[in-house]
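Listed below are the residues making up each chain.
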Amino acid sequence: MGGVGLWSLVRFLHVTGAVLWVGGQLALSLVVLPLARRMLSEDARDRFAAEAGRRFGLLTGALFLPLQLGTGWAMAWHKGVTWASLADPGYGRTLAAKLGLFVLVMLAAAGHGIAHTRGRAELARALAVASLVGSLGVVLLAAALPAT
């Protein structure tokens, strides 16, 4: 057993950021918002949902996204990943799929915020679900990558 080194700490931060980000999406979608729908008036529910979404979006932009990008880039650098190696079977293609899905998730999340701001509730909900499902896919692909 080698103990806890720098790269264990970097991976820990990456996994912790993903847990908070995806777990936050799940907690909002499966626990907080259904309770708000049941317990609050329509006006209070809409204000609560908008404020919760705004706060989660700020945390994503200010904390989760920089943490995931920074630690992910560091682990890829440590593993010796290059643009060319992303086409290699196994680790490279799995990482490329994870990165591509992550970009789609971020686009869906941004689209959700824009649709919500413009009052397009159905589109906002569809993009929120797409973002959540995509996030779970990112976690699945991350679990398929071997530890560095």
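So, here is what we can say about the structure in this document.

Conventions we followed
Residues numbered from 1 in each chain as written. Predicted model: local features only at pLDDT ≥ 70, side-chain atom pairs only at ≥ 80, totals over all residues. Heavy atoms only, no water. Helix = DSSP H or I, 4+ residues; strand = E, 2+ residues; numbered from the N terminus. Buried < 20%, exposed > 50% of the residue type's maximum accessible area, 1.4 Å probe, protein only. Contact = heavy atoms within 4.5 Å. Phe/Tyr/Trp six-rings, centres within 6.5 Å; stacked < 30°, edge-to-face > 60°. Lys NZ or Arg CZ within 6 Å of the ring centre and 35° of its normal. Patch = residues over 30% accessible without salt bridge, like charges linked within 9 Å, V, L, I, M, F, W, Y side chains within 5 Å. Areas by Shrake-Rupley, 256 points an atom, 1.4 Å probe, with all protein chains shown as cover. Salt bridge = Lys/Arg side-chain N within 4 Å of Asp/Glu carboxyl O.

### Brief notes about the overall build of the protein
Here is step 1 of the chain: Check the secondary structure of the protein and you find 4 helices and 0 strands.
Here is step 2 of the chain: The helix and strand sequence of the protein, counted from the amino end, reads α-α-α-α.
Here is step 3 of the chain: Over its C-alpha atoms, taken along the principal directions, the protein stretches across nearly 55 × 30 × 20 Å.
Here is step 4 of the chain: Looking at the protein residue by residue over its 148 residues, the buried ones come to 26%.
Here is step 5 of the chain: Contacts spanning at least 24 positions in sequence make up 69% of the contacts within the protein whose residues lie at least 6 apart.

### Focus: the packing of aromatic side chains
Here is step 1 of the chain: Inspection of the entire model under this criterion finds 3 aromatic pairs.
Here is step 2 of the chain: Arranged with centres 6.0 Å apart and planes meeting at 55°, the rings of F56 and F64 form a pair that is tilted. The exposure classification of F56 matches that of F64, with both residues buried.
Here is step 3 of the chain: Geometry around Y91 places K79 over its ring, the cationic atom sitting 4.7 Å from the centre.

### Considering the environment of F102
Here is step 1 of the chain: One can find F102 in helix α3 (residues 91-117).
Here is step 2 of the chain: On the basis of relative accessibility, which here comes to 14%, the residue F102 falls in the buried class.
Here is step 3 of the chain: Between the C-alpha atoms of F102 and V138, which are 36 residues apart in sequence, the distance is 6.2 Å.
Here is step 4 of the chain: Sequence-distant contacts of F102, defined by excluding residues within four places in its chain, comprise W21, L65, L69 and V138.

### Some points on a nonpolar patch on the surface
Here is step 1 of the chain: On the surface, L30, V31, L35, M39, L40 and F48 cluster together into a nonpolar patch covering about 570 Å² of accessible area.
Here is step 2 of the chain: Take the nonpolar patch: its biggest share by element is 4 residues, from helix α1 (residues 6-39).
Here is step 3 of the chain: Along the polypeptide, F48 turns up in helix α2 (residues 42-79).
Here is step 4 of the chain: Note on F48: relative accessible area 36%, which makes it partly exposed.

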